[in-house]
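Chain residues, written in single-letter form:
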There are 2 protein chains.
Amino acid sequence: MEFKIIEGGVCAAKGFKANGIHCGIRKNKTKKDLSLIYSEVPACTAAVYTTNLVKGAPLTVTKNHIANGYAQAVICNSGNANTCNANGIQIAEETCELLASELGLKAEDIVVASTGVIGQQMDITPFKNGIPELVKGLSTEGNQAAVEGIMTTDTKPKSISLSFEIDGKECKIGGIAKGSGMIHPNMATMLVFITTDCAISSKMLQKALSTDVKSSFNMLSVDGDTSTNDCVTVMANGLAGNQVICEEGKNFDIFMKALNTITVSLCKMIAGDGEGATKLLECKVSNAKTLEIAKTVAKSVICSSLTKAAMFGADANWGRVLCAIGYSKAMVDVNKIDVKFVSPKGEILVCKNGAGVDFSEEKAKEILLETEITIDVDLKDGEFASKAWGCDLTYDYVKINGDYRT
Amino acid sequence: MEFKIIEGGVCAAKGFKANGIHCGIRKNKTKKDLSLIYSEVPACTAAVYTTNLVKGAPLTVTKNHIANGYAQAVICNSGNANTCNANGIQIAEETCELLASELGLKAEDIVVASTGVIGQQMDITPFKNGIPELVKGLSTEGNQAAVEGIMTTDTKPKSISLSFEIDGKECKIGGIAKGSGMIHPNMATMLVFITTDCAISSKMLQKALSTDVKSSFNMLSVDGDTSTNDCVTVMANGLAGNQVICEEGKNFDIFMKALNTITVSLCKMIAGDGEGATKLLECKVSNAKTLEIAKTVAKSVICSSLTKAAMFGADANWGRVLCAIGYSKAMVDVNKIDVKFVSPKGEILVCKNGAGVDFSEEKAKEILLETEITIDVDLKDGEFASKAWGCDLTYDYVKINGDYRT
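Residues numbered from 1 in each chain as written. Chains lettered and ligands numbered in written order. Predicted model: local features only at pLDDT ≥ 70, side-chain atom pairs only at ≥ 80, totals over all residues. Heavy atoms only, no water.

(A) Focus on the sheet that holds strand β15 (residues 384-391) of chain A. Residues and elements named next belong to chain A. As summarised here, the arrangement of the 6 strands in space is β13-β12-β11-β14-β10-β15, forming an open sheet in which the pairing is mixed. Edge strands, defined here as strands with exactly one partner in the open sheet, are β13 (355-356) and β15. By the bridge criterion, 5 bridges tie strand β11 (residues 338-343) to strand β14 (residues 372-378) in an arrangement that is antiparallel. Looking at the pairing, Phe341 lines up with Ile375 of β14. (Pairing = 2+ DSSP bridges. Helix = DSSP H or I, 4+ residues; strand = E, 2+ residues; numbered from the N terminus.)

Written out as structure tokens, the structure reads:
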């Protein structure tokens, strides 16, 4: 099975168009703040949402709208999270109605999302003013504009697309993401929108997404603060013309792999561009007794402030990795653990069977000065593996999040 | 019931002496690195330990030694955590034997603890050389020396003592603590040693300590990284002459309150002197449906990196407080939550019934520029309350923990 990286992002798949504009939610007129993704035909749609009890109003509206498994457009603004507002639901619904009327759809066909400062009153006027222009500018070349419209202070746009084959038909899948980084500090919201022309039932699409996030977005941490507005949606409009995937089997497996390639790529882009980050960190855990243990250990290491700060300082302080494994509550045999640091500059064993080994601090430093580091943990206790992604903890993280909102 | 703050720390209670010296574990000769607390008579002794699976070797030895409920001395070094060492247990046991022979005790009468860098070979020589001098200098005036010997880069010594009455007899209790701060970054180890002359059985002493830590040290977080070497011990030598507390009742309650006053004071000292901290943060949760909910919410807020960074910036970003409550997994009614920021400069309501209220950013800033901030969360959902303590997240936290060990 071969995947080919292609251009186009959310517009790579047949029948999808996108756009992004400045409509006035942000004060800075050079920053886009409203994005639209549109499918020419109704698309099977699946979504997963934040588990935070405090939820953005748009998530509630979206959940209702896609309860039937279909949607045809995604609208997302940046600059205001529309969360903890008295009129949040009303604004989100009105946004969908305005867009539906412009596109000739029903409001229920629309996915709505927001990202930005929490607890700020929101006004419908910028949406009213902007939606006609937003729709008018829809284009198969609109991916870049759409990515820009959902960025807060992401330093890089995050987009990826690829092609794959099912039953000899070429299918395409692409996604865009907004990670965590902001000038006006607010929630570290992650938003991901994925489109594909692969034909797959709503039920199997939801199954694919719900399964996938367990090994992708749920293994991603920038600062341990679960956002109020996290949301991942996938729209599949079927225009690739393959036989509809309605059950598990070979074709579902191919789709899952394509989806996972997209989601893991976006995970790494989000982690590497985390607030203030200078490095992408991956924790790779192997030979765990259970999958749960592998995941728990990987997440605990990637979330450890002490480990993150050590990586910022290119300090091979492996004791912090062991410490984070120890408090993860995963049942591991500490005396079996090996730890290696790996980067494009090579790899170095720093801990064997739970105790330190002699190693060259110079070589370790050379490895850790790279911008992509893998913390390789071998539990030597079974056959399950897992990966988690995060970033280092830096002065800039504190700066970004310690600045006044005002 | 009245408690009177008195001088003396761990030497305040009758029959306790202490000392601290430089013995050579640290390279810097101006820094003490070995401390001793000694009771003239055997003392009922209780302890609680880190839940980290990776444990310092001294904790294992201490656990064995106080299995019978008694000890007569505590020895603690700084500069090396004696954790993840091949010869850790041997070193810890040998330390106890050396001290026992010098004091005329059995090795089993001794509590041993270590704090410092993890995974570093340890040598018995400094202990051999230092213990005779350490014992010779034991004094009822030795509290300050003992505190200094357990400090790593705590910026302030942490010590408190008070007197209380049981059955007309004056009892005394005092404690010292070492918090989290280091130049050579290692584990953020917390160590606390408490002494009292109150007469109380080993069983009731353990009960008092195990109950107390749930509302004191277990509600304390500097960076969410549970140490490998955390340990709290209490020695009660009975020299106050009160009738031995052998069961619950009025006298046990008085002892519990005295103990809690000591432990909460030390918690605040540790939190306020956390790595890089500029502020002590307290999260006070009231009117929760259950005690568990109150505690979960308080801990989640105090551990939130985004909230901690906002407090560093004196930014009234209450959305982050709500966010942290939302992802805590505690079942709360978000639409009932009120949030206030409180400091010696006054208080300000920023969120009512889960939504923002108009407030003066200027007044909020004035309040948040203080060095002791209470985040007051009213769940309006029941009658349980809890407090947790932590500190802000600062550039210096990153600096301290990002520096090279070498």
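(B) Layout of the pattern of salt bridges. Using the criterion set out here, one finds 22 salt bridges over all chains in the structure. Residues Asp338 of chain A and Lys380 of chain A are paired through a salt bridge, measuring 2.9 Å at the closest nitrogen-oxygen approach. Placement of Asp338 of chain A in strand β11 and of Lys380 of chain A in the loop between β14 and β15 is noted, with a sequence separation of 42 residues between them. Classification of Asp338 of chain A by relative accessible area gives buried; the value is 10%. Given the relative accessible area of 32%, Lys380 of chain A is considered partly exposed. Put simply, Asp154 of chain B and Lys158 of chain B hold a salt bridge, and the shortest N to O gap is 2.8 Å. (Salt bridge = Lys/Arg side-chain N within 4 Å of Asp/Glu carboxyl O. Buried < 20%, exposed > 50% of the residue type's maximum accessible area, 1.4 Å probe, protein only.)

(C) Local environment of the nonpolar core. Counting 83 residues, the largest nonpolar core has Phe164, Phe217, Phe255, Leu322, Phe341 and Val377 of chain B as the members making the most contacts within it. Examining the composition of this core, we find that 12 residues originate from one element, helix α6 (residues 250-272) of chain B, more than from any other. In this view, Phe255 of chain B contacts Phe164, Ile166, Ile173, Thr196, Cys198, Ile200, Leu205, Ala208 and Ile245 of chain B; residues no more than four positions away in its chain are not counted. By size, the runner-up hydrophobic cluster in this structure holds 82 residues, among which are Val48, Tyr327, Ile337 and Leu368 of chain A. (Core = buried A, V, L, I, M, F, W, Y, C linked by side-chain atoms within 4.5 Å. Contact = heavy atoms within 4.5 Å.)

(D) Focus on helix α3 (residues 125-136) of chain B. Residues and elements named next belong to chain B. Residues of α3 that are buried include every one of Pro126, Phe127, Gly130, Ile131, Leu134 and Val135, and no others. Down the axis of α3, the sector holding all buried residues measures 130°, keeping them to one side. Among the exposed residues of α3, those oriented more than 90 degrees off its buried face are Asn129 and Lys136. For α3, the secondary structure elements touched by its buried residues are β2 (16-21), β3 (34-49), β4 (70-78) and α2 (88-103). (Arc of directions from axis to C-beta.)

(E) Seen up close, the side chain of Asp212 of chain B. All names here are of chain B. Relative to the elements of secondary structure, Asp212 occurs in helix α5 (residues 202-215). There is no salt bridge for the buried Asp212, and the closest opposite charge comes from Lys295, which lies 11 Å off by N-O distance. With residues near it in sequence (within four places) discarded, Asp212 still touches Met256, Leu259, Asn260 and Thr263. (Lys, Arg positive; Asp, Glu negative; His and termini not counted.)

(F) Just the packing of aromatic side chains, in detail. Within the structure shown, the criterion is met by 7 aromatic pairs over all chains. Judged by centre distance (6.3 Å) and plane angle (85°), the ring pair of Phe3 of chain A and Phe164 of chain A falls under edge-to-face. Of this pair, Phe3 of chain A sits in the segment before β1 (4-5) while Phe164 of chain A is found in strand β6 (residues 158-166), placing the two residues 161 residues apart along the sequence. Consider the rings of Phe312 of chain A and Tyr395 of chain A, whose centres lie 5.4 Å apart with planes at 85°: the pair is edge-to-face. With Phe312 of chain A in helix α8 (residues 305-312) and Tyr395 of chain A in helix α11 (residues 395-402), this pair connects stretches of sequence that are 83 residues apart. Among the aromatic residues, those joined into a ring-pair cluster are Phe312 and Tyr395 of chain A together with Phe312 and Tyr395 of chain B. (Phe/Tyr/Trp six-rings, centres within 6.5 Å; stacked < 30°, edge-to-face > 60°.)

(G) Layout of the sheet that holds strand β15 (residues 384-391) of chain B. All names here are of chain B. Reading across from one edge, β13-β12-β11-β14-β10-β15 is the order of the 6 strands in this open sheet, with mixed pairing throughout. On the outer flanks of this sheet lie β13 (355-356) and β15, each paired with one strand and no other. Note that strand β10 (residues 280-288) and β15 share 7 bridges and pair antiparallel. When the sheet's bridge partners are listed, Lys284 is paired in β15 with Lys387. Sheet strands in contact with helix α7 (residues 291-303) are β10, β14 (372-378) and β15, and its direction is about 20° off that of β15. (Axes fitted to C-alpha atoms, helices over the stretch in contact; angles between N-to-C directions.)

(H) Region of the structure containing unusual backbone geometry. Even without being a glycine, Lys380 of chain A presents a positive backbone phi close to 45°. The phi torsion at Ala314 of chain B lies on the positive side, around 50°, for a residue other than glycine. With respect to the helices, strands and loops of the structure, Ala314 of chain B is situated in the loop between α8 (305-312) and α9 (318-326). What makes Ala314 of chain B buried here is its relative accessible area of 4%.

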